[in-house]
Amino acid sequence: MKRFLAILFIASSVFAQGGLKINDKDYFEMQGLNVMVFSDYYPDGHQTGVTVIQHGVRVAANGDVRLEPTPGQWSPMPAVGKRDIDKNNNQISVELSYPDPKKDKTGYNPIDYPDLKFKYHVRVKAEGVSFRIYVDLDEPLPEKWIGKVGFNFELFPELLYGKSYMMDDAVGIFPRQTNGPMFKDSDGDFQITPMAEGKKLVVAPESDEQRMTIESVGGKLLLIDGSGKYNNGWFVVRSLIPSGKTKDAIEWIVTPNVIPNWIYKPVVQISQVGYHPAEPKIAVIETDVRDANTSEVQLLKYDNDGKSKVVLSTLPESWGNFLRYKYYKFDFTKIEEEGLYQIKYGNSQTAPFEISKNVYARNVWQPTLEYFLPVQMCHMRVNDRYRVWHGLCHNDDALMAPVNHNHFDGYFQGPSTLTKYKPLEHVPDLNVGGWHDAGDYDLRVESQAGEVQILSLAYEEFKIDYDETTIDQKEKVVEIHQPDGKPDILQQIEHGALSIVNGYKSLGRLYRGIICPTLRQYTLLGDGTNMTDNLVYSPTMKPDEKTGLNSGKPDDRYVFTENNPRRELSVAACLATGYRALKNFNPDLANDCLSIAEEIWKNDAGAMDGFKVDAAVELYISTKNDEYKNFLLSNADVIAKNFRWCGASVGKILPLLKDDSFKSKMVEAAKAYKKNIDELQKENPYGVPYHPDIWGAGWDIQRFGVDQYFLHKDFPEVFSDNYMLNALNFVLGCHPGSNTASFASGVGSKSVTVAYGANRADWSYIPGGVVSGTALIRPDLPELKIWPFFWQQTEYVMGGGATDFMFLVLAANHLLNK
């Protein structure tokens, strides 16, 4: 084994002459290897600290000092201070400290920090293909913290399952699931026994792409399965900080293997669904910036015998550099013949796709309506043939939130409940309607309202009467793939409106959100019916007492309220839109929607902004009340100035207003906004405004696409449908990164089928759910990993994600086939 490790070291040293150097983006770089040092800071999402990108793939991250062997989302994390880039010495150093005052029992996602304060530096110095990690403390750790504080380095699990490791003379296999034994530490907390201990660890020795050696100069290394404590944990390499040490309290040598002259394999990015004959068809080819070879790109068409022929062959058009890659574009718009196609570029090729007039007509938007929306329905039992997606849940909703309560998921109840209800008093009639948000099971009012609006607009624009689901509000049962003679989209609008309207009637105002009270409930994975006992809490009963209706178990969700005029106006706009969809389907509920929207408008004391404009637009369309018309006309100049925020809404009302002066101002504002969009889309090769960040931008781009539909419809002389179609193609697979999957699960040849939904612990998905999408590992790596616990990449959310996608598909089908 020692001879084997020596050979690895020699092989790495062969091209140390072109080793790691700090580049102009302030991280270490060489061909085939990047090492970031706190370029990013999102520890909850495994995006910070010392990070290794090996052969274009992020294999390790979160290299930093931690107070626990395998921390979780609400574990203490340090505050990040000054970052020093020393190119002369090829070293990056970062100042850090515990606690982080911005998170210590305060703010969004507050953390309960222990009574420990210390400062330290993490230094990384590159030496050829290796790099050394040092931890320097300002002062020695208090003795009571010795054995508890250490330097952690996290290895991405999905790439390692089934691969091997070597720790000194011991060998093992990275397990796919947690295997014990567990033990109790000195604080009485359960921890998992390390997989291995030693001085030198070799990760995946059999893989040239992933092999990495980690050696501790001082203390020993511990290899720990982080999923032993938290389902979303990574494999952790850890060294404890010794007693009395400050300078070089930790020293590691890390040597990733690098394949000589490695080049990123080109990726051809297309819509995984295909294209309509009449729409623009542009594939984007992503290549290594060092790749000087430009191959011909071929479009192949298949016949009935499975044979293919080249129907178009050309050199792709060079676009330029974006993030860390060089891009080309292949325009095959002129190909309109229907059939089955594939694109090849060098040794890379796409999945098969179709060109067809019916490409958006079936199996694209329907999964959202058939599966995703029903599965997300709260206060219902959801059956699907032999399967039950979840049982009847949260039938005990809800208790009034305690005052001055800072909830761990960002909700805050101020000094008053703002209602007639006392803290922890049961608020009746909240156990109806609403959709669970992703895997959190909470009901945010803006999410419920947003779904009501976009579904109502889709019904209004495209007259969908699709029926594939039975929804019984009285019995609280859903049967997927059992039509009941009612349009599913109207039943879904009804379900969202019931939650908002019932909440308003009970509380006398809008709720802010409804969410479980404890972290144990919040982290529940699986069937939401297990979150509560479905019995209304009674403070007069003992915890183990129960009747048919009540129990003494305080597990009911909390309902939060707030004073937020902008959010209230946004909900008013949505309810006014919902009124129009529901007025012939459920007249009583529709009238409630409208009256609540008008009451919110009447009581609003907020400033004039886009939210107020949207509310006025939808209220005027629904009522033809001159109050809303006069408001819009009298604020024409302000609306024009803020056209980018409300233009897509205002355009809908121009034919009703019949005011030439107002229309003229909006047309000029539209032209100015169009120029701005034209410039933004030039910043990337995808033809959409795209500024990648920690969170995937898929949802924002979908909403941009929805806006573009209305702008094209209402200002056809200014806006074409191209940007709307670009947004759709971005979501369907034409986006950055090597994983070109459709963001819509179960839609297209290749899609995200390991997603952050309620069933994420099963490494599964919900058809028709749409994930957040390709995220950015700062400063320049686009990433969409196969990993169910990355909310920033694969989370399903309510309030625009899947339903915006559904709207876009319907819009494309409508415009291209009319």
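Up top is the structure.
Computed from a predicted model, the values in this text were never measured in an experiment.

Parameters at a glance
- Residues numbered from 1 in each chain as written.
- Predicted model: local features only at pLDDT ≥ 70, side-chain atom pairs only at ≥ 80, totals over all residues.
- Heavy atoms only, no water.
- Helix = DSSP H or I, 4+ residues; strand = E, 2+ residues; numbered from the N terminus.
- Rg over C-alpha atoms; globule rule 2.2 N^0.38 Å.
- Contact = heavy atoms within 4.5 Å.
- Areas by Shrake-Rupley, 256 points an atom, 1.4 Å probe, with all protein chains shown as cover.
- Lys, Arg positive; Asp, Glu negative; His and termini not counted.
- Charge placed at Lys NZ, Arg CZ, Asp CG, Glu CD.
- Expected span 1.5 Å × (residues − 1).
- Buried < 20%, exposed > 50% of the residue type's maximum accessible area, 1.4 Å probe, protein only.
- Pairing = 2+ DSSP bridges.
- Axes fitted to C-alpha atoms, helices over the stretch in contact; angles between N-to-C directions.
- Core = buried A, V, L, I, M, F, W, Y, C linked by side-chain atoms within 4.5 Å.
- Salt bridge = Lys/Arg side-chain N within 4 Å of Asp/Glu carboxyl O.
- Parallel < 35°, antiparallel > 145°, perpendicular 65-115°, else oblique.
- Left-handed = near helix turned anticlockwise from the far one by under 90°.
- Nonpolar A, V, L, I, M, F, W, Y, C, P; charged D, E, K, R; others polar.
- Polar contact = N/O pair within 3.5 Å; in protein donor to acceptor, adjacent residues only side chain to side chain.
- Phe/Tyr/Trp six-rings, centres within 6.5 Å; stacked < 30°, edge-to-face > 60°.

**Q** Would you mind going over the overall build of the protein chain in detail, with residue names and values included?
**A** If you tally the helices and strands in the protein chain, you get 17 helices and 44 strands. The C-alpha radius of gyration of the protein chain comes to 28 Å, within 12% of the 28 Å expected for a compact globule of 818 residues. The principal-axis extents of the C-alpha atoms in the protein chain amount to approximately 80 × 75 × 55 Å. Looking at the protein chain alone, contacts between residues at least 24 apart form 67% of all its contacts between residues at least 6 apart. Counting only carbon and sulfur atoms, one obtains 48% of the accessible surface of the protein chain, whose full area is about 32200 Å². Charged side chains in the protein chain number 86 positive and 106 negative. The centres of these two groups are separated by 3 Å.

**Q** An account of helix H17 (residues 801–817) is requested, with residue identities and associated values reported.
**A** For H17, which comprises 17 residues, the first-to-last C-alpha distance of 25 Å matches the rise-based estimate of 24 Å (1.5 Å per residue) to within 8%. For H17, the buried fraction is high: 14 of the 17 residues fall into the buried class.

**Q** Quick rundown of the sheet that holds strand S33 (residues 399–400)? Include the residues and the values.
**A** The strand order S33-S42-S39-S36 describes an open sheet built from 4 strands, whose pairing is mixed. Each of the sheet's edge strands pairs with one partner strand only, and the pair in question is S33 and strand S36 (443–444).

**Q** Talk me through unusual backbone geometry; I want residue IDs and the actual numbers.
**A** Cis geometry is adopted by the peptide bond preceding Pro181, which originates at Gly180 and carries an omega value of 10°. Take Pro181: it is sitting in the loop between strand S12 (170–173) and strand S13 (182–184). Cis rather than trans, the peptide bond between Asp397 and Ala398 has omega equal to -5°. Backbone geometry places His55, a non-glycine residue, at a positive phi of 55°. With respect to the helices and strands, the residue His55 is situated in the loop between strand S4 (47–54) and strand S5 (57–66). Here the phi dihedral of Leu323 falls at roughly 55°; this positive angle occurs in a residue that is not glycine. Exposure remark for Leu323: the relative accessible area of 22% places this residue in the partly exposed category.

**Q** Any details on the sheet that holds strand S26 (residues 317–322)? Residues and values, ideally.
**A** Taken in spatial order, the 4 strands of this open sheet run S21-S23-S27-S26, and their pairing is antiparallel. The open sheet has two free edges, formed respectively by strand S21 (267–269) and S26, since each of these has just one partner strand. Strand after strand, the sheet turns through a mean of 25° between neighbouring axes, direction not considered.

**Q** Describe the nonpolar core, and please don't skip the residues or the numbers.
**A** Of all hydrophobic cores here, the largest spans 150 residues; its most connected members are Ile489, Val559, Phe715, Phe805 and Phe807. For this core, the element with the highest residue contribution is H17, accounting for 11 residues. Ignoring anything within four residues of it in the chain, the contact list for Ile489 reads Leu369, Leu455, Ala458, Tyr459, Ile464 and Met806. Grouped together as the second largest cluster of nonpolar side chains are 65 residues, Phe174, Leu201, Val203 and Trp234 included.

**Q** Tell me about the pattern of salt bridges, and name the residues and values.
**A** Scanning the model with the defined rule gives 41 salt bridges in all. Two residues, Lys301 and Glu337, come together in a salt bridge whose shortest N-O distance is 4.0 Å. With Lys301 in strand S24 (residues 297–302) and Glu337 in the loop between strand S27 (325–331) and strand S28 (339–345), this pair connects stretches of sequence that are 36 residues apart. Between Asp442 and Arg444 there is a salt bridge; the shortest N-O distance is 3.3 Å. Note on accessibility: Asp442 and Arg444 belong to one class, buried.

**Q** Report on the packing of helix H4 (residues 488–507) against helix H7 (residues 587–603), specifying residues and quantitative values.
**A** Where H4 meets H7, the closest approach of the two axes is 10 Å, and the angle between their N-to-C directions is 55°. Taken as axis vectors, H4 and H7 run oblique relative to one another. Of the two possible hands of crossing, H4 and H7 adopt the one that is left-handed. On H7, the residues that touch Glu494, Ala497, Leu498, Val501, Tyr504 and Lys505 of H4 are Leu589, Asp592, Cys593, Ile596, Glu599 and Ile600. Residue composition of the contact of H4 with H7, by class: 8 nonpolar, no polar and 4 charged.

**Q** Can you lay out the pairing of strand S32 (residues 387–390) for me, pointing to particular residues and giving the numbers?
**A** The pairing of strand S31 (residues 381–384) with S32 spans 3 bridges and is antiparallel. By the bridge assignment for S32, Asn383 is matched with Val388. What sits between S31 and S32 in their antiparallel hairpin is a turn of 2 residues, with Arg385 showing a positive phi close to 55°.

**Q** Hey, could you go over the side chain of Arg123 for me, with residue numbers and the actual values?
**A** Residue placement: Arg123 occurs in strand S8 (residues 118–127). A relative accessible area of 12% means that Arg123 is categorised as buried. Here Asp136 takes part through its side chain, which lies 2.6 Å from a polar atom of the side chain of Arg123. One polar contact links Arg123 to Asp248, side chain to side chain, over a distance of 2.8 Å. The residues contacting Arg123, other than those within four sequence positions of it, are Gln91, Ile92, Ser93, Arg132, Ile133, Tyr134, Asp136, Lys247 and Asp248.

**Q** Got a sec to walk through the packing of aromatic side chains? Specific residues and values, please.
**A** Scanning the entire structure with this criterion turns up 48 aromatic pairs. For the ring pair Tyr756 and Trp791, a centre distance of 5.9 Å and an interplane angle of 75° mean the geometry is edge-to-face. One end of the pair, Tyr756, is in the loop between helix H15 (722–731) and strand S43 (775–777); the other, Trp791, is in helix H16 (residues 791–794), and 35 residues separate them in sequence. For Tyr756, a relative accessible area of 8% translates into the label buried.

**Q** Break down helix H6 (residues 565–582) for me, citing the residues and quoting the values.
**A** Taking 1.5 Å of rise per residue, the 18 residues of H6 would be expected to cover 26 Å, and the 25 Å separating its terminal C-alpha atoms lies within 8% of that figure. The buried count for H6 comes to 13 of 18 residues, which makes it a mostly enclosed element.

**Q** If you had to explain the packing of helix H3 (residues 445–462) against H17 to someone new, which residues and values would you point to?
**A** If you want to describe how two helices pack, look at the angle between their axes and the distance between the axes. Axis separation between H3 and H17 bottoms out at 9 Å; the angle between their running directions is 15°. Considered as vectors, H3 and H17 are oriented roughly parallel to each other. The two elements H3 and H17 meet at a crossing, and its hand is left-handed. Across the interface between the two elements, Glu451, Ile454, Leu455, Leu457, Ala458, Glu461 and Phe462 of H3 pack against Thr803, Asp804, Met806, Phe807, Leu810, Ala811 and His814 of H17. Here the residues of the contact of H3 with H17 are counted per class, giving 9 nonpolar, 2 polar and 3 charged.

**Q** I'd love a proper account of the side chain of Gln792, names of residues and values included.
**A** Position of Gln792 relative to the elements: it lies in helix H16. One polar contact links Gln792 to Gln47, side chain to side chain, over a distance of 2.9 Å. Beyond its immediate chain neighbours, meaning those up to four positions away, Gln792 contacts Tyr42, Gly45, Gln47, Ile694, Trp695, Gly696, Ser772, Gly773 and Ala775.

**Q** Kindly report on the pairing of S12, identifying the contributing residues and their values.
**A** For a regular strand, side-chain orientation follows a simple rule: the groups alternate between the two sheet faces. Pairing between strand S11 (residues 164–167) and S12: 4 bridges, direction antiparallel. Opposite Met166, over in S12, you have Val171 as the bridge partner. The hairpin formed by S11 and S12 contains 2 residues between the paired strands, and Asp168 there has a positive phi angle of roughly 55°.

**Q** Go over the environment of Ala458, please, and point to the residues and values.
**A** Here Ala458 lies in helix H3. Sequence separation between Ala458 and Leu784 is 326 residues; the distance between their C-alpha atoms is 29 Å. Discounting chain neighbours no more than four positions away, the residues touching Ala458 are Lys463, Ile464, Ile489, Phe807 and Leu810.

**Q** Tell me about the environment of Asp305, and name the residues and values.
**A** With respect to the helices and strands, Asp305 occurs in the loop between S24 and strand S25 (308–314). Classification of Asp305 as exposed rests on a relative accessible area of 66%. Considered as a pair, Asp305 and Gly72 are 233 residues apart in the sequence and their alpha carbons are 54 Å apart.

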